[in-house]
Amino acid sequence: MRNQRSIPLYIVLTLVTCGLFGLYWFVVLTDETNEATGETQLAGGALALILTIITCNIYGWYWAYKMGEKVDIIKSQNGQPAGNTGILFIILQVLGLGIINYALAQDALNHAA
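Rules of the game
Residues numbered from 1 in each chain as written. Predicted model: local features only at pLDDT ≥ 70, side-chain atom pairs only at ≥ 80, totals over all residues. Heavy atoms only, no water. Helix = DSSP H or I, 4+ residues; strand = E, 2+ residues; numbered from the N terminus. Polar contact = N/O pair within 3.5 Å; in protein donor to acceptor, adjacent residues only side chain to side chain. Contact = heavy atoms within 4.5 Å. Axes fitted to C-alpha atoms, helices over the stretch in contact; angles between N-to-C directions. Parallel < 35°, antiparallel > 145°, perpendicular 65-115°, else oblique. Nonpolar A, V, L, I, M, F, W, Y, C, P; charged D, E, K, R; others polar. Patch = residues over 30% accessible without salt bridge, like charges linked within 9 Å, V, L, I, M, F, W, Y side chains within 5 Å. Areas by Shrake-Rupley, 256 points an atom, 1.4 Å probe, with all protein chains shown as cover. Salt bridge = Lys/Arg side-chain N within 4 Å of Asp/Glu carboxyl O. Buried < 20%, exposed > 50% of the residue type's maximum accessible area, 1.4 Å probe, protein only. Expected span 1.5 Å × (residues − 1). Left-handed = near helix turned anticlockwise from the far one by under 90°.

Trainee: Please clarify how the side chain of Asn 34 should be interpreted in this entry.
Mentor: Inspection of the secondary structure assignment puts Asn 34 in helix H2 (residues 20-37). At 3.0 Å, the side chain of Asn 34 and the backbone oxygen of Ala 43 are in polar contact. What Asn 34 contacts, discounting residues up to four positions off in sequence, is Glu 39, Thr 40, Leu 42, Ala 43, Gly 44 and Lys 70.

Structural data, given as structure tokens:
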């Protein structure tokens with residue numbers, strides 16, 4: 001069973017640690033959304049983080065799009081309306097607001113738990 005996480009607490013911890021806690025959150029979110037959607041063939045959290053760092057965040061844009069698609073899958077599994085969240089996640093990522101992606105993905109996981 002997935003843990004319900006406090007989104008405001010995780011945002012504050014990410015900001016207070018200058019993004020270091022955000023790296024942990026990134027890994028956990030990736031692993032849990034892969035598990036929730038059954039898409040275990042995709043890169044796990046640690047590999048996605050390494051690829052994002054190595055490619056100077058180019059993989060991070062791909063990750064954002066795929067995360068948006070997974071959020072849509074989770075919402076549809078729970079009977080909630082799902083749109084094209086992948087595009088929203090890319091726009092937020094390009095604008096430097098990736099932490100909002102984390103919050104939206106965590107919200108979908110919290111509602112699914």
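Trainee: What should I look at first to understand the packing of helix H1 (residues 7-16) against H2 in this one?
Mentor: Angle between the axes and distance between the axes: these two values describe a pair of packed helices. Between H1 and H2, the least distance of the axes is 6 Å, while the angle of their chain directions is 135°. Relative to H2, the element H1 lies oblique. Contact with H1, carried on its side by Ile 7, Tyr 10, Ile 11, Leu 13 and Thr 14, involves Phe 21, Gly 22, Tyr 24 and Trp 25 of H2 and no other residues of that element. Split by residue class, the contact of H1 with H2 holds seven nonpolar, two polar and no charged.

Trainee: Would you mind showing me how to read a nonpolar patch on the surface here?
Mentor: Nonpolar side chains collect at one region of the surface, where Ile 87, Leu 88, Ile 91, Leu 95, Leu 97, Ile 100 and Leu 104 lie side by side and expose about 580 Å² of accessible area between them. Elements with a minimum of two residues in the nonpolar patch: helix H5 (85-94) and helix H6 (98-112). Here Ile 91 lies in helix H5.

Trainee: Help me understand the pattern of salt bridges in this model?
Mentor: Summed over the entire model, instances satisfying the criterion amount to two salt bridges. Ionic pairing is found between Glu 69 and Lys 66, a salt bridge with its closest N-O pair at 3.0 Å. Note that Glu 69 and Lys 66 are positioned in helix H4 (residues 58-77) at a spacing of three residues, about one turn of the helix. Residue Glu 69 is classed as partly exposed on the basis of its relative accessible area, which comes to 26%.

Trainee: Would you explain H4 in this entry?
Mentor: Spacing of three or four residues puts side chains on the same side of an α-helix, whose turn is 3.6 residues. The end-to-end C-alpha separation of H4 is 29 Å, in line with the 28 Å expected for 20 residues at 1.5 Å each. Three or more residues of H4 are buried, namely Tyr 59, Gly 60, Trp 63, Ala 64, Lys 66, Met 67, Gly 68, Lys 70, Val 71, Asp 72 and Ile 74. Those residues of H4 hidden inside the fold are in contact with H2, helix H3 (45-54), H5 and H6. Backbone geometry just after H4 places Gly 79 at a positive phi near 80°.

Trainee: Looking at this structure, how should I read the environment of Val 71?
Mentor: When you line up the elements, Val 71 lands in helix H4. Taking the C-alpha atoms as reference points, Val 71 and Gly 98, 27 residues apart in sequence, are found 15 Å from one another. Leaving out residues up to four positions away in the same chain, Val 71 has contacts with Thr 85, Phe 89, Ala 105 and Ala 108.

Trainee: What is the right way to look at the packing of H1 against H6 in this model?
Mentor: Between H1 and H6, whose axes approach to 10 Å, the crossing angle comes to 150°. The pairing of H1 with H6 is recorded here as roughly antiparallel in orientation. In the packing of H1 onto H6, the handedness of the crossing is right-handed. Contacts from Ile 7, Ile 11 and Thr 14 in H1 reach Ile 99, Ala 103, Gln 106, Asp 107 and Asn 110 in H6. Split into classes, the residues belonging to the contact of H1 with H6 amount to four nonpolar, three polar and one charged.

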